Amino acid sequence: EGKTGDADAKEDIPSMSDDELLEKVQMFFYTDDTLAETFENFIKKRCNIVDLSSDEYKLEYTAVFDEYKGLFEDKLEGYITKTLNKTIHDFYYALKAKSDASEESNESVFAMILIAVTDFDIFMTMMRESAQAEADQRSSHK
């Protein structure tokens, strides 16, 4: 009897489809203000390392990028594992399956956006823009 009860209890937990998983992660990514603020604040705090007088990438930029990427991965994985009770592998498998099925799908576009968010050149563009805005703000207050 105990085994049947345990099996019934597991069946009572609704299973999330791949579509639901992808939809929830996309909603989190696109609409969660706290997530956006986390990355905006990171860029603002760390943009002071950027040397605006040089187009060369310094080694320290890579270390800051690795921090940024780690923070992004922690936030995304934390949402998926803690809030949705799924694994990051469940998410990537579902995303790949949808993206492979149609390159024009919302999921395929979302996959490209996720790749862009963790792209070093795009990260450095955000860092440079933030550093320039900080420099402009300082010079306008003089």
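Whatever comes next refers back to the structure up there.
The model shown is predicted, which means the values in this text are computed figures rather than measured ones.

Enquirer: Honestly, the packing of helix H3 (residues 33–46) against helix H4 (residues 59–83) in this entry has me stumped. Any pointers?
Expert: The angle between the axes and the distance between the axes are what describe a pair of packed helices. Put simply, H3 and H4 touch, their axes get as near as 11 Å, and they point 170° apart. With respect to H4, the element H3 is oriented roughly antiparallel. Across the interface between the two elements, Leu35, Thr38, Phe39, Phe42, Ile43 and Arg46 from H3 touch Val64, Glu67, Tyr68, Leu71, Phe72 and Lys75 from H4. Across the contact of H3 with H4, the residue classes tally to eight nonpolar, one polar and three charged.

Enquirer: For this particular structure, what's the right way to read H4?
Expert: An α-helix turns once every 3.6 residues. As a result, residues three or four positions apart point the same way. For H4, which comprises 25 residues, the first-to-last C-alpha distance of 36 Å matches the rise-based estimate of 36 Å (1.5 Å per residue) to within 8%. Of the positions making up H4, those classed as buried are Tyr61, Val64, Phe65, Tyr68, Phe72, Leu76, Gly78, Tyr79 and Ile80. Turning to H4, the residues buried within the fold contact helix H2 (18–31), H3, helix H5 (88–101), helix H6 (106–117) and helix H7 (120–140). Directly beyond the C-terminal end of H4, a positive phi value near 60° is found at Asn85.

Enquirer: Quick question: what am I supposed to make of the packing of H2 against H4 here?
Expert: Here H2 crosses H4 at 135°, and the two axes come no closer than 10 Å. Between H2 and H4, the angle is such that the two are oblique. Crossing of H2 against H4: the hand is right-handed. Taken together, the residues of H4 that come into contact with H2 (itself represented by Lys24, Val25, Phe28 and Phe29) are Phe72, Lys75, Leu76, Tyr79 and Ile80. Residues belonging to the contact of H2 with H4 are distributed by class as follows: seven nonpolar, no polar and two charged.

Enquirer: Honestly, the packing of aromatic side chains in this entry has me stumped. Any pointers?
Expert: Working definition: an aromatic ring pair is given by the centre-to-centre distance plus the angle between the planes. Inspection of every chain in the model, using the stated rule, returns 17 aromatic pairs. Between Phe91 and Phe110, the ring centres sit 6.4 Å apart and the planes meet at 75°, which makes this aromatic pair edge-to-face. Linking Phe91 in helix H5 with Phe110 in helix H6, this pair joins segments that are 19 residues apart in sequence.

Enquirer: Before we go on, may I ask you to explain the nonpolar core in this structure?
Expert: One broad trend across soluble globular proteins is that nonpolar side chains are buried collectively. Core analysis: the biggest nonpolar cluster contains 35 residues, and Val25, Tyr68, Phe91, Phe123 and Met127 have the highest contact counts within it. Looking at this core, the elements that each hand over two or more residues are H2, H3, H4, H5, H6 and H7. At eight residues, the largest contribution of residues to this core is made by H4. Not counting residues up to four positions away in its chain, the partners in contact with Tyr68 are Phe39, Phe42, Ile43, Val117, Phe123 and Met126.

Enquirer: Hey, could you run me through the pattern of salt bridges in this one?
Expert: Side chains that differ in charge, positive against negative, can pair when their charged atoms come close. One pass over the structure, following the stated rule, counts four salt bridges. In this structure, Lys98 and Asp19 form a salt bridge, with 2.9 Å as the shortest nitrogen-oxygen distance. Placement of Lys98 in helix H5 and of Asp19 in helix H2 is noted, with a sequence separation of 79 residues between them. Looking at Asp19, the relative accessible area reads 41%, which means it is partly exposed. We note a salt bridge from Asp51 to Lys58, for which the minimum N-O separation is 3.7 Å. Its relative accessible area of 35% is what places Lys58 among the partly exposed residues.

About the thresholds
- Residues numbered from 1 in each chain as written.
- Predicted model: local features only at pLDDT ≥ 70, side-chain atom pairs only at ≥ 80, totals over all residues.
- Heavy atoms only, no water.
- Axes fitted to C-alpha atoms, helices over the stretch in contact; angles between N-to-C directions.
- Helix = DSSP H or I, 4+ residues; strand = E, 2+ residues; numbered from the N terminus.
- Parallel < 35°, antiparallel > 145°, perpendicular 65-115°, else oblique.
- Contact = heavy atoms within 4.5 Å.
- Nonpolar A, V, L, I, M, F, W, Y, C, P; charged D, E, K, R; others polar.
- Expected span 1.5 Å × (residues − 1).
- Buried < 20%, exposed > 50% of the residue type's maximum accessible area, 1.4 Å probe, protein only.
- Left-handed = near helix turned anticlockwise from the far one by under 90°.
- Phe/Tyr/Trp six-rings, centres within 6.5 Å; stacked < 30°, edge-to-face > 60°.
- Core = buried A, V, L, I, M, F, W, Y, C linked by side-chain atoms within 4.5 Å.
- Salt bridge = Lys/Arg side-chain N within 4 Å of Asp/Glu carboxyl O.

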